[in-house]
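# What the coordinates show
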Amino acid sequence: MALPDSLTAELRVPLVAAPLFISSTPELVIAQCTSGVVGSFPALNARPASELRRWIATIDSALKAFRRDHPTAKVAPFAVNQIVHRSNERLEQDIEACVEHEVPIVITSLGARTDLNEAIHSYGGLVLHDVISNEFAKKAIDKGADGVIAVAAGAGGHAGAISPFALVNEIRSWFDGPLVLGGAIGHGRSILAAQAAGADLAYVGSAFLATAEANAPDGYKDMLAESTAKDIVYTNLFTGVHGNYLRGSIAASGLDPDDLPSSDPTQMNFGSGGNMDARAWKDIWGSGQGISTIHRTVPAADLVTRLADEYETAKNALATVLA
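Secondary structure assignment for the protein yields 13 helices and ten strands. The C-alpha atoms of the protein give a radius of gyration of 18 Å, which matches the 20 Å a tight globule of 323 residues would have. When its C-alpha atoms are laid out on the principal axes, the protein stretches across 50 × 45 × 40 Å. Counting all 323 residues of the protein, 53% fall into the buried class. In the protein, 65% of the contacts between residues at least 6 apart in sequence involve partners at least 24 apart. Carbon and sulfur atoms make up 52% of the accessible area of the protein, which totals about 13700 Å². Across the protein, the mean location of the 24 positive side-chain charges is 2 Å away from that of the 36 negative side-chain charges.

Below is the structure:
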């Protein structure tokens, strides 16, 4: 099935910028979209809940103005990430805000619900559900999601443990709709590799943490630039869901990265951000394994330009090999 024009017509490079806890704000989303990639943010980043409507309106107004002033530029749509876990007490009102403002794309996580998908579909919105397994992908599509985001091994945040090749192949064996792949993608050739593996678009998160517009501490950005894949720790301690985090931030919080206890998944609480108190969770910094391409903090537009150039170079090199 061809991807909907609403998702691809204005893309400079086939990329969806993943929603980043705390770090994704209207400023970053606007910079992403005006650079030609889908920008996104978690609804829970807008606090208090009443701020969500203002954030959406701010982004929508800025993108309309940019399109007016730059009629030939590619300006991608934006997405809002909704945590569908039962602990998210804001979910219903946050969905209402998305419907009211007709948010183009909604990314759902940690639970799929038919009624929420129908609400987004009521105005023509697109629902992408992130999954870490083929089984979860089937459940999401059965409940009305338009497409899936396969969050494979090596991804930042709440990542899975399945190889991207295995996960994409399993999903593609029965699903021909929109498929986005995430997992250690920080270079343009990795975006091309995601497409070669069977995905339509790449999902990139960690690289956008080290941008000027990201709402992340300088220490976080510096640690990203100084770290490589070996500095990533996979644990479920902080939210009850397995995810990847920077070893240095765990150690700085007084914990032993090599001897972390397991958490009880039933105690997940996304109303407060995770299983630990707000201060501790804020100081534990998520990251995927694909951070060796991060060398310094740059504007989001420069990052997109680098990825787009690398993507085109990789396409040309591959064409030469296959000729």
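Here the narrative resumes.
As a further point, take the nonpolar core. A general trend in soluble globular proteins is that nonpolar side chains are found buried together. Counting residues in hydrophobic clusters, the biggest one holds 69 residues, and the most contacted among them are Leu15, Ile56, Phe78, Ile171 and Phe208. Of all the elements, helix H13 (residues 300–322) adds the most residues to this core, at seven residues. Once residues within four sequence positions are removed from consideration, phenylalanine 78 is found in contact with Val29, Cys33, Gly39, Ile56, Ile59, Leu63, Val103, Pro104 and Ile105. Residues Leu3, Val16, Ile149 and Val180 belong to the second largest nonpolar core, which totals 19 residues.

To describe two helices that pack against each other, one gives the angle between their axes and the distance between the axes. Their axes nearest at 10 Å, the elements helix H3 (residues 51–69) and helix H4 (residues 91–100) cross at an angle of 25 degrees. When the axis of H3 is compared with that of H4, the two are roughly parallel. For the pair H3 and H4, the sense of crossing is right-handed. For the pair H3 and H4, contact is made by Leu52, Arg53 and Ile56 and by Gln93, Asp94, Glu96, Ala97, Cys98 and Glu100, respectively. Looking at the contact of H3 with H4 residue by residue, the classes come out as four nonpolar, one polar and four charged.

Between helix H2 (residues 26–34) and H3, whose axes approach to 10 Å, the crossing angle comes to 30 degrees. Compared by their axis directions, H2 and H3 come out roughly parallel. Two packed elements cross with a definite hand, and for H2 against H3 that hand is right-handed. Of the residues in H3, those touching H2 at Pro26, Val29, Ile30, Cys33 and Thr34 are Trp55, Thr58, Ile59, Ala62, Leu63 and Phe66. Per-class residue counts for the contact of H2 with H3 are nine nonpolar, two polar and no charged.

Turning our eyes to something else, we now look at the pairing of strand S4 (residues 105–109). The buried count for S4 comes to five of five residues, which makes it a mostly enclosed element. Taking every second residue as pointing to the same face, both faces of S4 are buried, with Ile105, Ile107 and Ser109 on one and Val106 and Thr108 on the other. Here strand S3 (residues 78–83) pairs with S4 via five bridges, running parallel. Paired with glutamine 82 across the bridge in S4 is threonine 108.

Turning our eyes to something else, we now look at H2. The element H2 is largely enclosed, with a buried count of seven among its nine residues. Buried residues of H2: Pro26, Leu28, Val29, Ala31, Gln32, Cys33 and Thr34, and no others. Looking at the buried side of H2, the elements it contacts are strand S1 (15–17), strand S2 (39–42), H3, S3, helix H9 (206–209) and H13. Note on H2: the residue one or two positions beyond its end, glycine 36, has a positive phi of about 100 degrees.

Conventions adopted
- Residues numbered from 1 in each chain as written.
- Predicted model: local features only at pLDDT ≥ 70, side-chain atom pairs only at ≥ 80, totals over all residues.
- Heavy atoms only, no water.
- Helix = DSSP H or I, 4+ residues; strand = E, 2+ residues; numbered from the N terminus.
- Rg over C-alpha atoms; globule rule 2.2 N^0.38 Å.
- Buried < 20%, exposed > 50% of the residue type's maximum accessible area, 1.4 Å probe, protein only.
- Contact = heavy atoms within 4.5 Å.
- Areas by Shrake-Rupley, 256 points an atom, 1.4 Å probe, with all protein chains shown as cover.
- Lys, Arg positive; Asp, Glu negative; His and termini not counted.
- Charge placed at Lys NZ, Arg CZ, Asp CG, Glu CD.
- Core = buried A, V, L, I, M, F, W, Y, C linked by side-chain atoms within 4.5 Å.
- Axes fitted to C-alpha atoms, helices over the stretch in contact; angles between N-to-C directions.
- Parallel < 35°, antiparallel > 145°, perpendicular 65-115°, else oblique.
- Left-handed = near helix turned anticlockwise from the far one by under 90°.
- Nonpolar A, V, L, I, M, F, W, Y, C, P; charged D, E, K, R; others polar.
- Pairing = 2+ DSSP bridges.

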